[in-house]
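Letter by letter, the chains look like this.
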Amino acid sequence: MSDVISSSFVRRDLLAERPAPVKTTGFIGLMRTRLFNSPTNILLTILGALLLWFTIVPSVKFLMVDAVWSGKDRAACLAENAGFAVGACWPYIQAKFPQLIYGFYPEAERWRVNLTLLLAAILLLPLLIPRLPAKGLNAGLFFVAFPVVAFFLLHGGGIKGFGLSWTAGLLQLFDESIVGAGQALLTSSKTSAIGPLLWVLGSLIALLGTVIHWLIFPLTWLRDYIQGTGQSVWTDFAVTAAIVCLITFVLGGGVRTGGRALASSIATFIAIAIVIKLMDLDHGGLPVVTTNLWGGLLVTLVVSVTGIVTSLPIGIALALGRRSTIPLIRIFSIAFIEFWRGVPLITVLFFATYMLPLFLPGNFTVDGLVRALIGIALFTGAYQAENVRGGLAAIPRGQSEAAAALGLSWWKTTSLIVLPQALRHVIPNLVNSFISLFKDTSLVSIVALFDLLGSLRASFADPKWSTPSTAFTGFAFAGIIYFMFCFGMSRYSLFVEHRLNAHRRN
């Protein structure tokens, strides 16, 4: 016991104060641990600060400090009148703002563009907010109903028939193209060295066209009979609604389980009838505004949104086709993807605008904007196919094997297990392609379509606003708009990626 007492120690003097620990949090900690923790980082920090100083400060000075905010013409943006070195000429943007947004769209009809953009925002915002309900109904309205309503709002015009007349017209056009091909071969057989072979092929194709003509004759006769009545649109609408409702009722399970499908079909056709009546589509609809009058941000949004919405399904189909075990589908998908990826977008636009009409029947024309939209959708779809294929390759084989062990079909395995995981893996790649497409819409100005940049360049020709800073102001304004949209898509993709990868968080 005495040994324990003798070995005990009690300090009687205070220890000297130790230095405070190095701060590693906050702004000071960031500077100490990230910016000035090594000679290389010190050099990079100084270079970065100089870069920001020589870019941000002059930009703020040009856009805000030295800018002119009011005026009626170019005189307000001249240095000799302002009394200082003039920066941005914002009165020019105020004067040309309608042209930059609507292009040459008639001023009296611009409410239609505003209404279209408002409907798009109302339908899109609930899709972007995960907690809001009724995503299926909302998606159907945005991806199916809204494009049709937007077309008649922006373009105008009415309808002369409905589903039955449209189907009969397409089948008749197909039949005429087959008969025309057969007649062309028969004509060529008279002067060609392989005349007998061409004559046989032409006769067979012409015979096929005749057979198709008589097969679709009842449908074309019914269309002509309906159009002869006074209410061709509503009669055609009623016949189409009856046929579609009957088909959905039978496919939905008949009397036992087809009631819900029938009710949905009836509700859909009632909504379509309301839209037709409100927009007066059965009597000509709104005044027609041809697409050559569209321009500005309107064309940029139409081209980019259409390309984004249509390219993803095309890319998914091509990616699945490239991995298919059926040789014909796989070879077609590979050839399609490699062809469109190997051609520049500007070549695609030129081909769609000037070459495509040469391959169409003489009585069939496609609007110039629609041709550009088709070319952009196919071009972007090929790139999206490779993005989706990368996601599919990242899915372990055990996922498909487990689904097969549960008895799931290929369609259910792909749509419910494999494809959702693949798309989750490639969200950054998909959004990167969307952002690139949004910026590439400026190329449509080369084929006589005035997008935002095209309308901006057209506005430079106005001598009323010809000043040294006009062009810089216009491009700065366009850059701000592009940045807002691209940055918004980038941030939302980060939000979606973070939400869908919750299982990977530490």
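How each quantity is defined
- Residues numbered from 1 in each chain as written.
- Predicted model: local features only at pLDDT ≥ 70, side-chain atom pairs only at ≥ 80, totals over all residues.
- Heavy atoms only, no water.
- Helix = DSSP H or I, 4+ residues; strand = E, 2+ residues; numbered from the N terminus.
- Rg over C-alpha atoms; globule rule 2.2 N^0.38 Å.
- Buried < 20%, exposed > 50% of the residue type's maximum accessible area, 1.4 Å probe, protein only.
- Contact = heavy atoms within 4.5 Å.
- Lys, Arg positive; Asp, Glu negative; His and termini not counted.
- Charge placed at Lys NZ, Arg CZ, Asp CG, Glu CD.
- Core = buried A, V, L, I, M, F, W, Y, C linked by side-chain atoms within 4.5 Å.
- 1 Å grid on protein atoms, 1.4 Å probe; cavity = no way out; pocket = protein on both sides within 12 Å on 5 of 7 lines; lining within 4 Å.
- Points joined across faces, edges and corners; volume = space filled by probe spheres on them.
- Nonpolar A, V, L, I, M, F, W, Y, C, P; charged D, E, K, R; others polar.
- Salt bridge = Lys/Arg side-chain N within 4 Å of Asp/Glu carboxyl O.
- pLDDT = per-residue confidence, 0-100.
- Phe/Tyr/Trp six-rings, centres within 6.5 Å; stacked < 30°, edge-to-face > 60°.
- Disulfide = S-S within 2.5 Å.
- Axes fitted to C-alpha atoms, helices over the stretch in contact; angles between N-to-C directions.
- Parallel < 35°, antiparallel > 145°, perpendicular 65-115°, else oblique.
- Left-handed = near helix turned anticlockwise from the far one by under 90°.

Turning next to the overall build of the protein chain. The secondary structure content of the protein chain amounts to 22 helices and zero strands. The globule rule puts the C-alpha radius of gyration for 506 residues at 23 Å, and the 32 Å found for the protein chain is more than 25% above it. When the 506 residues of the protein chain are sorted by exposure, 34% land in the buried category. Across the protein chain, every contact between residues at least 6 apart in sequence was considered, and the portion connecting residues at least 24 apart equals 71%. Distance between charge centres in the protein chain, computed from 36 positive and 22 negative side chains, equals 9 Å.

Judged by nonpolar contacts, the single largest core of 67 residues is most densely connected at Tyr105 and Trp294. Apart from residues no more than four positions distant in its own chain, Tyr105 is found in contact with Arg110, Arg112, Val113, Leu153, Leu154, Val289, Leu293, Trp294 and Leu298. In this structure, Phe162, Val233, Ala241 and Met279 belong to the second largest nonpolar core, which totals 14 residues.

The next thing to look at is the layout of surface pockets. If you add up the space inside the second largest pocket, you get close to 770 Å³. For the second largest pocket, the lining is made up of 22 residues, of which Val144, Ala145, Val149, Thr268 and Ile272 are closest to its centre. Here the lining of the second largest pocket gets ten residues from one element, more than from any other, and that element is helix 7 (residues 135-154). Partitioned by chemical class, the residues of the lining of the second largest pocket number 19 nonpolar, three polar and no charged.

What follows deals with the environment of Thr235. Inspection of the secondary structure assignment puts Thr235 in helix 11 (residues 232-251). Classification of Thr235 as partly exposed rests on a relative accessible area of 30%. Considering only alpha carbons, one finds Thr235 and Pro420, 185 residues apart in sequence, at a separation of 43 Å. For Thr235, the contacting residues outside a window of four places in its chain are Ile226 and Thr229.

Attention now moves to the pattern of salt bridges. Enumeration over the complete set of coordinates arrives at ten salt bridges. Asp462 is paired through a salt bridge with Lys96; the nearest N and O atoms lie 2.7 Å apart. Of this pair, Asp462 sits in the loop between helix 21 (452-459) and helix 22 (470-500) while Lys96 sits in helix 5 (residues 90-102), and the two are 366 residues apart along the sequence. A salt bridge links Arg341 to Glu338; its shortest N-O distance comes to 3.8 Å. Of the two residues, Arg341 and Glu338 are both situated in helix 15 (residues 327-341); the distance of three residues between them amounts to about one turn of the helix.

To continue, consider the confidence of the model for the protein chain. Across the protein chain, the average pLDDT comes to 86, with 95% of residues at or above 70. Within the protein chain, helix 14 (residues 297-322) carries the highest mean pLDDT (93), whereas helix 1 (residues 2-7) carries the lowest (56).

Now for the packing of aromatic side chains. This model, assessed by the stated rule, comprises 24 aromatic pairs. On the basis of an interplanar angle of 75 degrees and a centroid distance of 5.7 Å, the ring pair of Trp234 and Phe237 is categorised as edge-to-face. Of this pair, Trp234 and Phe237 both sit in helix 11, three residues apart, which is roughly one turn of the helix. Trp234 sits in the partly exposed class, given a relative accessible area of 23%.

This brings us to the state of the cysteines. The final tally for this structure, using the stated rule, is one disulfide. What pairs with Cys77 in a disulfide is Cys89, and their sulfur atoms sit 1.9 Å apart. On the S-S bond that ties Cys77 to Cys89, the torsion sits near 70 degrees, and the link is right-handed. In this pair, Cys77 is assigned in the loop between helix 3 (39-65) and helix 4 (79-82) and Cys89 in the loop between helix 4 and helix 5, connecting sequence segments twelve residues apart. Cys89 matches Cys77 in its accessibility class, with the two residues each being buried.

With that settled, the discussion passes to the packing of helix 14 against helix 15. It is at 7 Å that the axes of helix 14 and helix 15 come closest, and there the two elements cross at 130 degrees. By the angle between their axes, helix 14 is oblique relative to helix 15. When you trace helix 14 past helix 15, the crossing you get is left-handed. In this structure, helix 14 contributes Leu318, Gly321 and Arg322 to the contact, and helix 15 contributes Ile329, Arg330, Ser333, Ile334, Phe336, Ile337 and Glu338. Considered class by class, the residues forming the contact of helix 14 with helix 15 number five nonpolar, two polar and three charged.

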